[in-house]
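Spelled out, the chains give:
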Amino acid sequence: MDKEKKIEYLLFSAWAVSVSALAGSLYFSEVLKYEPCELCWYQRILMYPLVLILGLAMVKKDAKQCVYVLPLAVIGGSISVYHYLIQKAAFFADSAPACGRVPCTGEYINLLGFITIPFLALLAFASIAILMIILYKLTKKEKTK
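The rules we used
- Residues numbered from 1 in each chain as written.
- Predicted model: local features only at pLDDT ≥ 70, side-chain atom pairs only at ≥ 80, totals over all residues.
- Heavy atoms only, no water.
- UniProt positions renumbered as here; feature names shortened; annotations may be inferred.
- 1 Å grid on protein atoms, 1.4 Å probe; cavity = no way out; pocket = protein on both sides within 12 Å on 5 of 7 lines; lining within 4 Å.
- Points joined across faces, edges and corners; volume = space filled by probe spheres on them.
- Helix = DSSP H or I, 4+ residues; strand = E, 2+ residues; numbered from the N terminus.
- Nonpolar A, V, L, I, M, F, W, Y, C, P; charged D, E, K, R; others polar.
- Salt bridge = Lys/Arg side-chain N within 4 Å of Asp/Glu carboxyl O.
- Buried < 20%, exposed > 50% of the residue type's maximum accessible area, 1.4 Å probe, protein only.

- The name an unreviewed UniProt entry assigns to the chain is Disulfide bond formation protein DsbB, from the organism Guptibacillus hwajinpoensis.
- As stated in UniProt under Sequence similarities (unreviewed entry), the record for the chain gives "Belongs to the DsbB family. BdbC subfamily."
- Heading Subcellular location (unreviewed entry) of the UniProt record for the chain holds this comment: "Membrane".

1. What to know about the layout of surface pockets
Inference 1: By volume, the largest pocket amounts to about 440 Å³.
Inference 2: Considering the residues around the largest pocket, the lining is formed by 27 residues, among which Ser25, Phe28, Cys40, Ile117 and Ala121 are closest to the centre.
Inference 3: Elements with a contribution of two residues or more to the lining of the largest pocket: helix 1 (3-31), helix 2 (38-60), helix 3 (66-88) and helix 5 (117-144).
Inference 4: The element best represented in the lining of the largest pocket is helix 1, accounting for 6 residues.
Inference 5: Of the residues belonging to the lining of the largest pocket, the class tally is 16 nonpolar, 8 polar and 3 charged.

2. Details of the pattern of salt bridges
Pairs may arise between side chains of opposite charge once their charged atoms sit close together.
Inference 1: A complete count under the given rule lists 1 salt bridge for this structure.
Inference 2: Linking lysine 5 and glutamate 8 is a salt bridge whose minimum nitrogen-to-oxygen distance equals 3.9 Å. A residue pair is termed a helical-turn pair when its members lie 3 or 4 positions apart in one helix, as lysine 5 and glutamate 8 do in helix 1 at 3 residues.
Inference 3: Classification of lysine 5 as partly exposed rests on a relative accessible area of 37%.

What follows is the structure in structure tokens.
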């Protein structure tokens, strides 16, 4: 497969993950009426722009956008890890500050005993970050040749 097709597939895959995360978060809040906690809002603030950035990057076939997307994905993933830890680890839950109206330690879903909303967000951010690292390495190889 040629390099341009790989770039297109990587950008499309990252965009598809971000759209799925956006759709999932809106489904939880607007259809199921789960009110997001403060940390959920921060994760949304970092995920929602990725839909637009990655969508434009995909249309323009602009692999350079990985430089802008990767920090958002890493920061969002870090917030997701912290949020997941305060839900699942007693030490973090005990030391967690009050989050506002909705406690950040609350679990609207808990599938198989470990899949929560912050875990799903973490998967999305991690997937996007991995795709952007692959994209960066692919374009970096191109520059060195």
